[in-house]
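Here is what each chain is made of, one letter per residue.
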Amino acid sequence: MNDLPQKVKDWLGKPVIIVDHVVTVEQGLWTNFCVAVGDGNPLYWDYPLSRDETESVIAPPMMLPSWAIEHDWSPDRAAPSLRTLELHFMVKDALGIKNGLVTEVELELHEPLRHGDSVRAEQILRRVEEERETKLGIGRNWDIDVVYRKPDGSLAGIQSLHFLGYGKVAA
Amino acid sequence: MTTLLKPHIGMRLPELALPLTRKLIIMGAAATRDWQPQHHDPAWAKEAGLPDIIMNNYTQAGLISRFVTDWSGPMGRIGRLRFAMRRPICPGGTATFNGMVVDVTAEQQAMIWAEIDIEIMVEKKTVTTATVKMALPATARSPSPWHCPAVKWHP
């Protein structure tokens, strides 16, 4: 990884972007997700049944990363919102790569989220591979982990993402 | 009362066939709060070398979760999901979800863990492969995995 810019080397192995409780977990928002994917799991919908299983309705666990995405617009914010997985875009831009895609994802799920919760998410760059020829042109792969915690510090989950970046930004 | 599911290696999940509409892809991206243009802007996607807008990974995760918990019922608690997106999922055609139990552990903390391999195909081509690790009650009298204390939850 000797060909990496120094700032990318400096990002490796530590939290670089921290998204701290930017959205409140709300049932109305997770209902939109259930509707989109057609998920009728009663734990997300049915109060009597979820009381027995999970004490109260829970947010679909696969939505965990969505609770660490800033609102796209806010009335009192001067700067643009952070992009979804901001660290990924920082890596892509620092390497002069035009396009990036997620190719593999792993989600390890712990404490479920409920209405009124929020998460703190730490984005950590784990690895950047050597430049290579890909099906979409010259590119590279890199790995980012995101650690999600609830306000009490308990672990909500860990997301590991494998990216493919391709195409050079014109000089 | 939910019927106890007793998974075994080789057990197949009921197939799910899902029309891939532009609405599903855009609605999934919006509901997961993902406004990256490749998930809603066809012109931008084509400029980036993609055939059309593509389904985002959060929507794929949600569909895989739905596919597995439709089979397990609400007592099935997913501890780990790993998936590889081999081809982009674009509007058009039908996505077919197939899954099979490939491993079942012995009882631990009144739970068993089932490992399920999943393949999503569109027009006979594999677009995504996934593995889900799910906890289920070991017996009809076992507590739900959702009651497992955090210190004993090791997905």
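Refer to the structure printed above.
Calculation rules
- Residues numbered from 1 in each chain as written.
- Chains lettered and ligands numbered in written order.
- Predicted model: local features only at pLDDT ≥ 70, side-chain atom pairs only at ≥ 80, totals over all residues.
- Heavy atoms only, no water.
- Helix = DSSP H or I, 4+ residues; strand = E, 2+ residues; numbered from the N terminus.
- Buried < 20%, exposed > 50% of the residue type's maximum accessible area, 1.4 Å probe, protein only.
- Contact = heavy atoms within 4.5 Å.
- Areas by Shrake-Rupley, 256 points an atom, 1.4 Å probe, with all protein chains shown as cover.
- Lys, Arg positive; Asp, Glu negative; His and termini not counted.
- Charge placed at Lys NZ, Arg CZ, Asp CG, Glu CD.
- Axes fitted to C-alpha atoms, helices over the stretch in contact; angles between N-to-C directions.
- Parallel < 35°, antiparallel > 145°, perpendicular 65-115°, else oblique.
- Left-handed = near helix turned anticlockwise from the far one by under 90°.
- Nonpolar A, V, L, I, M, F, W, Y, C, P; charged D, E, K, R; others polar.
- Salt bridge = Lys/Arg side-chain N within 4 Å of Asp/Glu carboxyl O.
- Polar contact = N/O pair within 3.5 Å; in protein donor to acceptor, adjacent residues only side chain to side chain.

J.: It is not clear to me how the overall build of chain A should be interpreted in this structure. Could you clarify?
T.: Scanning chain A from N- to C-terminus turns up four helices and six strands. The linear arrangement of helices and strands in chain A, starting from the amino end, is α-β-α-α-α-β-β-β-β-β. Dimensions of chain A along its principal axes, counting C-alpha atoms only, are 60 × 35 × 25 Å. Evaluated residue by residue, chain A yields a buried proportion of 51% over its 171 residues. Sequence separation of at least 24 residues holds for 68% of the intrachain contacts in chain A that already meet a minimum separation of 6. Total accessible area on chain A is roughly 7800 Å²; 51% of this is exposed by carbon and sulfur atoms. Within chain A, the 27 negative side-chain charges are centred at a point lying 8 Å from the centre of the 18 positive side-chain charges.

J.: How do you make sense of the packing of helix 2 (residues 27-37) of chain A against helix 1 (residues 22-31) of chain B when you look at a structure like this?
T.: In a packed pair of helices, the relevant descriptors are the angle between the two axes and the axis-to-axis distance. Between helix 2 of chain A and helix 1 of chain B, the least distance of the axes is 9 Å, while the angle of their chain directions is 160°. Overall, the two elements helix 2 of chain A and helix 1 of chain B adopt an arrangement that is roughly antiparallel. Crossing geometry of helix 2 of chain A relative to helix 1 of chain B is assigned as left-handed. On helix 1 of chain B, the residues that touch Leu29, Asn32, Phe33, Val35 and Ala36 of chain A of helix 2 of chain A are Leu24, Met27, Gly28 and Ala31 of chain B. Looking at the contact of helix 2 of chain A with helix 1 of chain B, its residues break down into seven nonpolar, two polar and no charged.

J.: Could you clarify how one ought to interpret unusual backbone geometry in this entry?
T.: Excluding glycine, residues mostly have negative phi values, and the peptide bonds linking residues are mostly trans. Although it is not a glycine, histidine 21 of chain A adopts a positive phi angle of roughly 50°. By the element assignment, histidine 21 of chain A lies in the loop between strand 1 (15-20) and helix 2. We classify histidine 21 of chain A as partly exposed; its relative accessible area is 32%. One non-glycine residue, arginine 33 of chain B, adopts positive backbone phi at about 70°. Residue position: arginine 33 of chain B is located in the loop between helix 1 and helix 2 (42-47). Overall, arginine 33 of chain B belongs to the buried group, its relative accessible area being 9%.

J.: Teacher, can you tell me more about helix 2 of chain A here?
T.: Think of an α-helix as 3.6 residues a turn; residues three or four steps apart then line up on the same face. Those residues of helix 2 of chain A lying buried are Gln27, Trp30, Phe33, Cys34, Ala36 and Val37 of chain A. Considering only its buried residues, helix 2 of chain A is in contact with helix 3 (47-54) of chain A together with helix 1 and helix 3 (57-72) of chain B.

J.: In this structure, what is going on with the interface of chain A and chain B? I would like to understand it.
T.: A common way to state how big an interface is: give the accessible area lost once the parts meet. Tallying the contact residues gives 49 residues for chain A and 41 residues for chain B. Between chain A and chain B we count two salt bridges in total. A salt bridge links arginine 80 of chain B to glutamate 106 of chain A; the nearest nitrogen and oxygen atoms lie 2.5 Å apart. The interface formed by chain A and chain B contains 17 residue pairs in polar contact (both at pLDDT 80 or more). For the side of chain A that touches chain B, the secondary structure elements donating two or more residues are helix 2, helix 3, strand 2 (97-109) and strand 6 (155-168) of chain A. At twelve residues, the largest contribution of residues to the side of chain A that touches chain B is made by strand 2 of chain A.

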